[in-house]
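Tertiary structure, described
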Amino acid sequence: MRDWVRWAAPSAIVVSIAGPVHATEYLTTEQARALAFPTASRFVEAHVIFQPAQVAAIERRAGQKVRARGQQVWRALAADELIGFFVVDYVIGKHLVIDYAVALEPDGHIRRVEIMQYRESYGGEIASPRWLEQFVGKTSQDRLEVDRDIRNISGATLSSHHVTEGIKRVLAFYETCLR
Amino acid sequence: MKPACAEARRARPLLGTFVEIAAAGEVRGAVDAAIDAAFAVIARVHVLMSAHDPSSDVGRLNRHAGGRAVTVHPWTEVVLRTALELHRASNGIFDVAVTPVRRRGGEAFELVSPCRARVRRPDARIDLGGIAKGFAVDRALDVLGRHGMTRALVNAGGDLAVFGPDPEHVEIRHPCHPPATLCRVAVRNEALASSGGGDAVIVDPRRAAAAAIRGATVRAPSCVLADALTKIVMVAGEEAGPMLSRHGASALFLSSRGRIHATRDWSAGLRRAT
């Protein structure tokens, strides 16, 4: 038989106004590319700046708004033969920003999806475009207080719904611009 | 044992959440291969036990509800058997039947022979969501061990398990105020799972009423047990004590009155948030 001890929970309401940020970096772009295409001899940058017609086509195919002006993508080559595409994308949820990579076969099948880094926030920072800048183009400066000590968290899980939506958009990008 | 000199931490979207795997081994290539294999095992569990995919084991069981028995993967059988045992031991609190059928009581499914199961009533449906995530974490950790990792952690959206010589420190989120944490616990060669908070609503299947407990965390020898026991603690609160004892588990929960209740054996190791 277990007996129980009880105490008052910390008052968390104050904390939630400017909550701590949990941030994790898993892989750099280079590491994620190499893991996705271990046989690739080189990666050729093929970044796309969207034309208005392309934005419309992606939005129609994915059934969602396109916010980015372009897409970071590399062609993976093994002895000059195309073995796949490596697309870097990010999604912004209510409480988090996620950089992730989608590796595609030449025919557009998903080879793997890997999270490169994410940051979560419960404050108002996400509304600020200046705050977002640090996630775009990997010029991350730690202007926010990041608790690097928090490595593992249990409870109140983050949904991966935004990444699922993002992957749909990446596939629509493939259909529109790479196929 | 040779010292570990390579470690990696990676994450993928799986099981409807973010699955994070950290491992340490002798060389980076072996660590990456082990993590890839562990992710593959989790994806396999997802494919077998997704309630949304009509071709999964669970999808086929639901499709043939009230009809013939369906052949399932040995892993699905293990999860079904565990669910059945916990359903009986908890007097029906743990239930994989989907509401509102679960209100009628009894077991929603039966195992008719090894790897063959059927959902009893034509209007019944099952969802292994409350237990399959923990099972997937256990399988992934097992793969990491068999790949020779010296320590490893698998965290599927808060359901986690670890092995290795040193304890891992885990922050337990406040279920109502996710940026805040309730406390920090050290886990070593065991599992931890949390329920509650966010949009999650745990319903007491016997009363069909939402649980009064806001969030519960259980540590147990395996993640499948920790995962399932959190659902029981969410409904039964302190009355779950004997079940926790029987499974070598301990728990803490946050009551609707804002008090933390923790089993005495665990409270000593907690570092409370202030």
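Just so it is clear, the model here is predicted, and its values are computed rather than measured. (Residues numbered from 1 in each chain as written. Chains lettered and ligands numbered in written order. Predicted model: local features only at pLDDT ≥ 70, side-chain atom pairs only at ≥ 80, totals over all residues.)

Positioned with a positive phi, Asp80 of chain A is a non-glycine residue whose angle comes to about 65 degrees. Turning to its location among the elements, Asp80 of chain A is positioned in the loop between strand S5 (70-78) and strand S6 (81-92). Although it is not a glycine, Asn189 of chain B sits at a positive phi angle of roughly 50 degrees. (Helix = DSSP H or I, 4+ residues; strand = E, 2+ residues; numbered from the N terminus.)

It is worth spelling out the packing of helix H4 (residues 129-146) of chain B against helix H5 (residues 223-236) of chain B at this point. The axes of two packed helices give the description: the angle between them and the distance between them. Residues and elements named next belong to chain B. In contact at an axis separation of 7 Å, H4 and H5 are set at 160 degrees when each is read in the N-to-C sense. By the angle class used here, H4 and H5 are roughly antiparallel. Crossing geometry of H4 relative to H5 is assigned as right-handed. Residues Gly130, Ile131, Lys133, Gly134, Phe135, Val137 and Asp138 of H4 form the contact with H5, whose participating residues are Cys223, Val224, Ala226, Asp227, Ala228 and Lys231. For the contact of H4 with H5, a count of residues per class yields seven nonpolar, two polar and four charged. (Axes fitted to C-alpha atoms, helices over the stretch in contact; angles between N-to-C directions. Parallel < 35°, antiparallel > 145°, perpendicular 65-115°, else oblique. Left-handed = near helix turned anticlockwise from the far one by under 90°. Contact = placed C-beta atoms within 7 Å. Nonpolar A, V, L, I, M, F, W, Y, C, P; charged D, E, K, R; others polar.)

What follows covers helix H4 (residues 161-178) of chain A. Between its first and last C-alpha, H4 of chain A extends 25 Å over 18 residues, near the 26 Å set by a 1.5 Å rise per residue. On the buried face of H4 of chain A, the contacting elements are helix H2 (52-62), S5, S6, strand S7 (96-104) and strand S8 (110-120) of chain A together with strand S1 (6-14) of chain B. (Expected span 1.5 Å × (residues − 1).)

This part covers the packing of H2 of chain A against H4 of chain A. Residue and element names in this part refer to chain A. Axis separation between H2 and H4 bottoms out at 8 Å; the angle between their running directions is 130 degrees. For the element pair H2 / H4, the angle class is oblique. The two elements H2 and H4 meet at a crossing, and its hand is right-handed. Facing Gln54, Ala57, Ile58, Arg61 and Ala62 of H2, the residues of H4 in contact are Lys168, Arg169, Ala172, Phe173, Glu175, Thr176 and Cys177. Its residues assigned to classes, the contact of H2 with H4 comprises six nonpolar, two polar and four charged.

Let us look at the environment of Val87 of chain A. For Val87 of chain A, the location among the structural elements is in strand S6. Residues in contact with Val87 of chain A, not counting those within four places in the same chain, are Gln71, Gln72, Val73, Ala101, Val102, Leu104 and Val170 of chain A.

Here the focus is the domain arrangement of chain B. Residues and elements named next belong to chain B. The domains assigned to chain B are domain 1 (1-48 + 132-155), domain 2 (52-127) and domain 3 (167-274). Each partner contributes to the interface: domain 1 provides six residues, whereas domain 3 provides nine residues. The leading source of residues in the side of domain 1 that touches domain 3 is H4, at five residues. In terms of residue class, the side of domain 1 that touches domain 3 is made up of three nonpolar, one polar and two charged. (Domains from an automatic or database assignment.)

All names here are of chain B. Burial within strand S2 (residues 17-25) is extensive, with eight of its nine residues counted as buried. For S1 and S2, the ladder comprises nine bridges, and the chain directions are antiparallel. Bridge assignment links Ala6 to a residue of S2, and that residue is Gly25. Between S1 and S2, which pair antiparallel and follow one another directly, the connecting turn spans two residues, one of which, Leu15, has a positive phi of 55 degrees. The sheet contact formed by S2 and strand S6 (residues 151-156) spans six bridges and is antiparallel. Directly across from Ala24, in S6, lies its bridge partner Arg151. (Buried ≥ 20, exposed ≤ 12 C-beta atoms within 10 Å, placed from the backbone. Pairing = 2+ DSSP bridges.)

All names here are of chain B. Spatially, the three strands line up as an open sheet ordered S3-S5-S4, and their pairing is antiparallel. With one partner strand each, in any of the chains shown, strand S3 (70-71) and strand S4 (109-113) form the two edges of the open sheet. The pairing of S4 with strand S5 (residues 116-119) spans four bridges and is antiparallel. Within S5, the residue paired with Glu110 across the bridge is Arg118. Relative to S4, helix H3 (residues 74-89) is tilted by about 125 degrees, and along the sheet it contacts S4 and S5.

So, about the confidence of the model for chain B. When pLDDT is averaged across chain B, the result is 87; 87% of the residues are at 70 or more. For this predicted complex, the interface confidence score (ipTM) comes to 0.78, while the overall pTM stands at 0.85. (pLDDT = per-residue confidence, 0-100.)

Here the focus is the environment of Ser245 of chain B. Within the secondary structure, Ser245 of chain B is located in helix H6 (residues 241-246). Taking C-alpha positions, Ser245 of chain B is 9.8 Å from Thr263 of chain B, a pair spaced 18 residues apart along the chain.

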